[in-house]
Amino acid sequence: MEITLINRTNQPVDEFESLFKKISASAEKILDLPEDYELSVTFVRSQAIHKINRDYRGIDRPTDVISFAIRDNEEDFIPEEEKDLGDIFININYCKKQAKEYEHSYTREMCFLFTHGMLHCLGYDHMKPEDEKVMFALQDKILDPIISRK
């Protein structure tokens, strides 16, 4: 998977490129995906993601991660024709806050948010309990072998 990183913060994020590539390679193997998908990841702060959340989702507050999938469902997606999966926006402020709350590293939280966003771009969701169970199990299966929870 080709991953383009865009940093709209003053925090270093280059360290995450290799981890995100490992995570996407794990997802490719587990989900039997082609290797030529593309995904962009933009690192932002709370103010920027608040605006995105308000303007595009109608939710007037910041959040941790937002994904904009190119496809909304399987019927809209033709793998041979569409290689771009979409865009992920990660809020580094929430990432730091949640890492403390969940008592794991900032790196683990950043990788979790990437994995969560990537799965949304691949068509997974957690609106229904049965879908949440599938998506969250996949997150663990993809991420846990790459980076520890502690």
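The model shown is predicted, which means the values in this text are computed figures rather than measured ones.

Conventions we followed
- Residues numbered from 1 in each chain as written.
- Predicted model: local features only at pLDDT ≥ 70, side-chain atom pairs only at ≥ 80, totals over all residues.
- Heavy atoms only, no water.
- Helix = DSSP H or I, 4+ residues; strand = E, 2+ residues; numbered from the N terminus.
- Contact = heavy atoms within 4.5 Å.
- Areas by Shrake-Rupley, 256 points an atom, 1.4 Å probe, with all protein chains shown as cover.
- Lys, Arg positive; Asp, Glu negative; His and termini not counted.
- Charge placed at Lys NZ, Arg CZ, Asp CG, Glu CD.
- Pairing = 2+ DSSP bridges.
- Axes fitted to C-alpha atoms, helices over the stretch in contact; angles between N-to-C directions.
- Salt bridge = Lys/Arg side-chain N within 4 Å of Asp/Glu carboxyl O.
- Buried < 20%, exposed > 50% of the residue type's maximum accessible area, 1.4 Å probe, protein only.
- Phe/Tyr/Trp six-rings, centres within 6.5 Å; stacked < 30°, edge-to-face > 60°.
- Lys NZ or Arg CZ within 6 Å of the ring centre and 35° of its normal.

**Q** Which residues make up the overall build of the protein, and what values go with them?
**A** Each helix and strand counted, the protein has five helices and four strands in total. Expressed along its principal axes, the backbone C-alpha trace of the protein runs to roughly 40 × 35 × 30 Å. Partitioning the contacts of the protein with sequence separation of at least 6, the portion at a separation of at least 24 is 65%. Per element, the accessible surface of the protein, about 8500 Å² overall, is 48% carbon and sulfur. Computed over 20 positive and 30 negative side-chain charges, the separation of the two mean positions in the protein equals 8 Å.

**Q** Provide a residue-level description of the sheet that holds strand 3 (residues 65-69), including the pertinent values.
**A** Ordered by their spatial adjacency, four strands build an open sheet running 1-2-4-3, and the pairing between neighbours is mixed. The strands lining the two open edges of the sheet, one partner per strand, are strand 1 (2-7) and strand 3. When strand polarity is set aside, the average angle formed by the axes of neighbouring strands in this sheet is 15°. Note that strand 1 and strand 2 (residues 38-44) share six bridges and pair parallel. Within strand 2, the position partnered with Glu-2 by the bridge is Glu-38. Relative to strand 3, helix 2 (residues 46-57) is tilted by about 45°, and along the sheet it contacts strand 2, strand 3 and strand 4 (84-91). Contacts between helix 3 (residues 92-101) and the sheet are confined to strand 2 and strand 4, with strand 4 contributing the most and set at about 65° to the helix.

**Q** Can you tell me about the pattern of salt bridges, naming the residues and giving the values?
**A** Using the criterion set out here, one finds four salt bridges in the structure. For Asp-36, the salt bridge identified is with Lys-83, shortest N-O distance 3.4 Å. In this pair, Asp-36 sits in the loop between helix 1 (16-31) and strand 2 while Lys-83 sits in the loop between strand 3 and strand 4, placing the two residues 47 residues apart along the sequence. A relative accessible area of 39% means that Asp-36 is categorised as partly exposed. The exposure class of Lys-83 is partly exposed, given its relative accessible area of 25%. Notably, a salt bridge pairs Arg-108 with Asp-144, separated by 2.9 Å at the nearest N-O pair. Of this pair, Arg-108 sits in helix 4 (residues 106-121) while Asp-144 sits in the segment after helix 5 (129-143); the two residues are 36 residues apart in sequence, bridging distant segments of the chain. Among the residues examined, Arg-108 registers a relative accessible area of 3% and is labelled buried.

**Q** Hey, could you go over the packing of aromatic side chains for me, with residue numbers and the actual values?
**A** Applying the stated rule across the entire model yields seven aromatic pairs. Seen in terms of ring centroids, Phe-20 and Phe-114 are 4.1 Å apart; in terms of plane orientation they differ by 5°. Their pairing is stacked. In this pair, Phe-20 is assigned in helix 1 and Phe-114 in helix 4, connecting sequence segments 94 residues apart. Given a relative accessible area of 0%, Phe-114 falls into the buried group. Members of the aromatic cluster, joined through ring pairs, are Phe-16, Phe-20, Phe-43, Tyr-106 and Phe-114. For Lys-96, the ring lying beneath its charged end belongs to Tyr-106, and the centroid distance is 5.8 Å.

In short, shape yes, function no, at least from these values alone.
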